[in-house]
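In case you want the letters, here they are:
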Amino acid sequence: MSACWQAVVDTLLVALLGLAVGALVNWLAAGLRAERHSRRPRYLPVALATAAGMTLAYLSARDLHAMAGAESSIWLAQVALFVLIALIDIDTRQVRPAPLMAGALLATVQVLAMPRHAPTWTAMLAGALCASLFFSFAYLGGRLFARSLARRGHHREPLTAFGLGDVYLMTLGGFIVGFPDVLVAMALAVFLGGIGALSCMALQLRTGRYERHSAIPYAPYILAAITVVMLLPREAIVPLFGQ
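Here is a short report on the structure shown in this document.

Reading the values: the criteria
- Residues numbered from 1 in each chain as written.
- Predicted model: local features only at pLDDT ≥ 70, side-chain atom pairs only at ≥ 80, totals over all residues.
- Heavy atoms only, no water.
- Helix = DSSP H or I, 4+ residues; strand = E, 2+ residues; numbered from the N terminus.
- Buried < 20%, exposed > 50% of the residue type's maximum accessible area, 1.4 Å probe, protein only.
- Contact = heavy atoms within 4.5 Å.
- Areas by Shrake-Rupley, 256 points an atom, 1.4 Å probe, with all protein chains shown as cover.
- Salt bridge = Lys/Arg side-chain N within 4 Å of Asp/Glu carboxyl O.
- Axes fitted to C-alpha atoms, helices over the stretch in contact; angles between N-to-C directions.
- Parallel < 35°, antiparallel > 145°, perpendicular 65-115°, else oblique.
- Nonpolar A, V, L, I, M, F, W, Y, C, P; charged D, E, K, R; others polar.
- Phe/Tyr/Trp six-rings, centres within 6.5 Å; stacked < 30°, edge-to-face > 60°.
- 1 Å grid on protein atoms, 1.4 Å probe; cavity = no way out; pocket = protein on both sides within 12 Å on 5 of 7 lines; lining within 4 Å.
- Points joined across faces, edges and corners; volume = space filled by probe spheres on them.
- Expected span 1.5 Å × (residues − 1).
- Patch = residues over 30% accessible without salt bridge, like charges linked within 9 Å, V, L, I, M, F, W, Y side chains within 5 Å.

### Some details on the overall build of the chain
Stage number 1. Regarding its fold elements, the chain presents nine helices and zero strands.
Stage number 2. Beginning at the N terminus, the succession of helices and strands in the chain can be written as α-α-α-α-α-α-α-α-α.
Stage number 3. A buried classification covers 41% of the 243 residues belonging to the chain.
Stage number 4. If you take every contact in the chain between residues at least 6 apart in sequence, the share linking residues at least 24 apart comes to 77%.
Stage number 5. Here the chain has roughly 13,300 Å² of accessible surface; of this, 68% comes from carbon and sulfur atoms.

Pasting the structure below:
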């Protein structure tokens, strides 16, 4: 078999694996949901999203980073884990600790097994600290603003832009991509979250169900930003810092 056809076959196999992993993600999400009576699992959309994400991760690892198949498997697992975290947040508005610990473990395995394709320990710890501080200040500022509004006569305390789970998730993202790449990831997460919030507001206004301070799941936007920065080569990231 020629190298071209082998590459096509490998890509199709990864896509099929993603469909199977998507079913596993649905099963795990059902076990990690905080609410007993959550909505029914969405097997097809989740399977397709998992397959698409894993395929993109594989292509990026192979074509942009020259990773071997075994090395790219860590990225495939990380992407599948991201889909799981996003699915739980969409259903329950919560970021569960178990998937976060699994993500940190995968990042640790990556830096130990393939240091050529991972940030240094110093960069990873600096990235985690930077993300934790920035999002913690944003979270605390949002809480103070919400309490101020509540004291002014709101019937309930308005929701903040970032939850504490989002702080933990962005901290994990900083650990995965390292410093200074985490700066791009944070900016992109805020940008994508803003687009998502405006889109949600527009949809609510159109359907007549607009509610001020309504919550949106923020984890998918954070995870999308982390994934983009993780998969892009450093040559594509550095120009974003103006260097």
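### Details of the pattern of salt bridges
Stage number 1. One pass over the full model with this rule turns up one salt bridge.
Stage number 2. Between Asp-63 and Arg-62 there is a salt bridge, with the nearest N and O atoms lying 2.8 Å from each other.
Stage number 3. For Arg-62, a relative accessible area of 25% corresponds to the partly exposed category.

### Points about the packing of helix H6 (residues 164–177) against helix H8 (residues 219–231)
Stage number 1. The interhelical angle for the contact between H6 and H8, taken along N-to-C directions, is 5 degrees, at an axis separation of 10 Å. One way to sum up the angle between H6 and H8 is to call them roughly parallel. Judged by residue contacts, Asp-166, Leu-169, Met-170, Gly-173, Ile-176 and Val-177 of H6 engage Ala-219, Ile-222, Leu-223, Ile-226, Val-229 and Met-230 from H8.
Stage number 2. Taken together, the residues that form the contact of H6 with H8 break down as ten nonpolar, one polar and one charged.

### Observations concerning unusual backbone geometry
Stage number 1. Looking along the chain, the bond that leaves Phe-179 and enters Pro-180 is cis, with omega of 10 degrees.
Stage number 2. Checked against the element boundaries, Pro-180 lands in the loop between H6 and helix H7 (181–207).
Stage number 3. Look at Ala-66: it is not a glycine, yet its phi comes out positive at around 55 degrees.
Stage number 4. Looking at the secondary structure, you find Ala-66 in the loop between helix H2 (43–64) and helix H3 (69–92).
Stage number 5. Positive phi, normally seen in glycine, also occurs at Arg-93, with a value near 60 degrees.
Stage number 6. With respect to the helices and strands, Arg-93 occurs in the loop between H3 and helix H4 (97–113).
Stage number 7. Arg-93 gets classed as partly exposed once you look at its relative accessible area, which sits at 42%.

### Considering the packing of aromatic side chains
Stage number 1. Evaluation of the coordinates by the stated rule reveals two aromatic pairs.
Stage number 2. Residues Phe-134 and Phe-135 carry aromatic rings whose centres are separated by 5.8 Å and whose planes lie at 50 degrees to one another, so their mutual orientation is tilted.
Stage number 3. Residue Phe-134 is classed as partly exposed on the basis of its relative accessible area, which comes to 44%.
Stage number 4. Residue Phe-135 is classed as buried on the basis of its relative accessible area of 0%.

### Focus on the layout of surface pockets
Stage number 1. A volume near 390 Å³ is recorded for the second largest pocket.
Stage number 2. Of all the secondary-structure elements, those providing two or more residues to the lining of the second largest pocket are H2, H3 and H8.
Stage number 3. Counted by class, the lining of the second largest pocket contains 15 nonpolar, two polar and one charged residues.

### Here's the deal with the environment of Val-177
Stage number 1. Structurally, Val-177 is set in helix H6.
Stage number 2. Separated by 52 residues in the primary sequence, Val-177 and Val-229 place their C-alpha atoms 7.0 Å from one another.
Stage number 3. Every residue in contact with Val-177, bar those within four places of it in the chain, is listed here: Pro-119, Val-182, Ile-226, Val-229 and Met-230.

### Quick look at H2
Stage number 1. With 22 residues, H2 extends 31 Å between its outermost C-alpha atoms, agreeing within 8% with the 32 Å of an ideal straight helix rising 1.5 Å per residue.
Stage number 2. Burial in H2 covers these residues: Val-46, Ala-47, Thr-50, Ala-51, Gly-53, Met-54, Thr-55, Ala-57, Tyr-58, Ser-60 and Ala-61.
Stage number 3. Positive backbone phi, approximately 55 degrees, marks Ala-66, located one or two places after H2.

### A look at a nonpolar patch on the surface
Stage number 1. Among the surface-exposed residues, Leu-13, Leu-16, Leu-19, Leu-44 and Leu-48 lie close enough to one another that they form a single nonpolar patch of about 490 Å² accessible area.
Stage number 2. No other element matches the three residues that helix H1 (residues 3–32) contributes to the nonpolar patch.
Stage number 3. Tracing the chain through its elements places Leu-16 in helix H1.

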